[in-house]
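If you want the building blocks of each chain, they are given just below.
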Amino acid sequence: IPSLTWTQRWYGFCLCFVTGSLTSLLSSISLAKGDIPSFALLYTVGNVISLCSTGVVWGPKRQCAKMFHSSRAIATSMYLICMMTTLVFALSDFGITGPVKVGICIFFIILQFLALCWYCLSYIPYARQIAKQCLPY
């Protein structure tokens, strides 16, 4: 990664994060039209762009090291697996059509969102413990 000032890194972070968030948000237009493959693709691409935003701040090598730190390796793996699975089911034809395909894609998008939340909580001290206490057992 080229040598960037902190100001340039934060501008890059903001640009990537806002672009990714808008892409994910605008994917709901495809959902409203019933175009599940486009929705899943745009939502997931938006998440990837947003995830890359922190790579602009830290650099790709450090970003990967932080993502796969022992405290968040499982959350990161689940998040990446959910993104890939969402894309596979949305863009492939396994003989699954109609409401079943829609249901499967939405299920994996929900899992993807939950994995992202758990991943993000790992960066906030004690946030996971607090979140666990808020969940009913």
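Whatever comes next refers back to the structure up there.
Residues numbered from 1 in each chain as written. Predicted model: local features only at pLDDT ≥ 70, side-chain atom pairs only at ≥ 80, totals over all residues. Heavy atoms only, no water.

*Asks:* Help me out: how do you make sense of the overall build of the protein in this one?
*Replies:* Across its full length, the protein holds six helices and zero strands. For the protein, the succession of helices and strands along the chain, N to C, is α-α-α-α-α-α. The C-alpha extent of the protein, read off along each of the three principal axes, is 50 × 40 × 20 Å. Within the span of the protein, comprising 137 residues, buried residues form 32% of the whole. For the protein, restricting intrachain contacts to residue pairs at least 6 apart in sequence, the fraction spanning at least 24 positions comes to 62%. (Helix = DSSP H or I, 4+ residues; strand = E, 2+ residues; numbered from the N terminus. Buried < 20%, exposed > 50% of the residue type's maximum accessible area, 1.4 Å probe, protein only. Contact = heavy atoms within 4.5 Å.)

*Asks:* I would appreciate a short explanation of the packing of aromatic side chains in the present structure.
*Replies:* What describes a pair of aromatic rings is the distance from one ring centre to the other and the angle between the planes of the rings. Applying the stated criterion across every chain yields a total of nine aromatic pairs. For the pair Trp58 and Tyr123, a centre-to-centre distance of 6.0 Å together with 25° between the ring planes defines the contact as stacked. Taken together, the positions of Trp58 in helix H2 (residues 36-58) and Tyr123 in the loop between helix H5 (98-121) and helix H6 (127-134) put the pair 65 residues apart, joining distant regions of the chain. The exposure class of Trp58 is partly exposed, given its relative accessible area of 26%. Classification of Tyr123 by relative accessible area gives partly exposed; the value is 30%. One aromatic cluster is present, built from ring pairs that chain together Trp58, Tyr79, Tyr119 and Tyr123. (Phe/Tyr/Trp six-rings, centres within 6.5 Å; stacked < 30°, edge-to-face > 60°.)

*Asks:* Can you walk me through a nonpolar patch on the surface in this structure?
*Replies:* Nonpolar side chains collect at one region of the surface, where Phe17, Val18, Leu22, Leu25, Leu26 and Ile29 lie side by side and expose about 570 Å² of accessible area between them. Residue position: Ile29 is located in helix H1 (residues 6-33). (Patch = residues over 30% accessible without salt bridge, like charges linked within 9 Å, V, L, I, M, F, W, Y side chains within 5 Å. Areas by Shrake-Rupley, 256 points an atom, 1.4 Å probe, with all protein chains shown as cover. Salt bridge = Lys/Arg side-chain N within 4 Å of Asp/Glu carboxyl O.)

*Asks:* In this structure, what is going on with the side chain of Thr44? I would like to understand it.
*Replies:* Inspection of the secondary structure assignment puts Thr44 in helix H2. Residues within four places of Thr44 in sequence aside, it is in contact with Met83, Thr86, Leu87 and Gln112.

*Asks:* So what exactly am I meant to see when it comes to the environment of Thr54 here?
*Replies:* You can see Thr54 is positioned in helix H2. In the structure, Thr54 is positioned 63 residues away from Cys117 in sequence and 15 Å away in space, judged by C-alpha atoms. Not counting residues within four places of it along the chain, the set of residues in contact with Thr54 comprises Phe13, Gly59 and Gln63.

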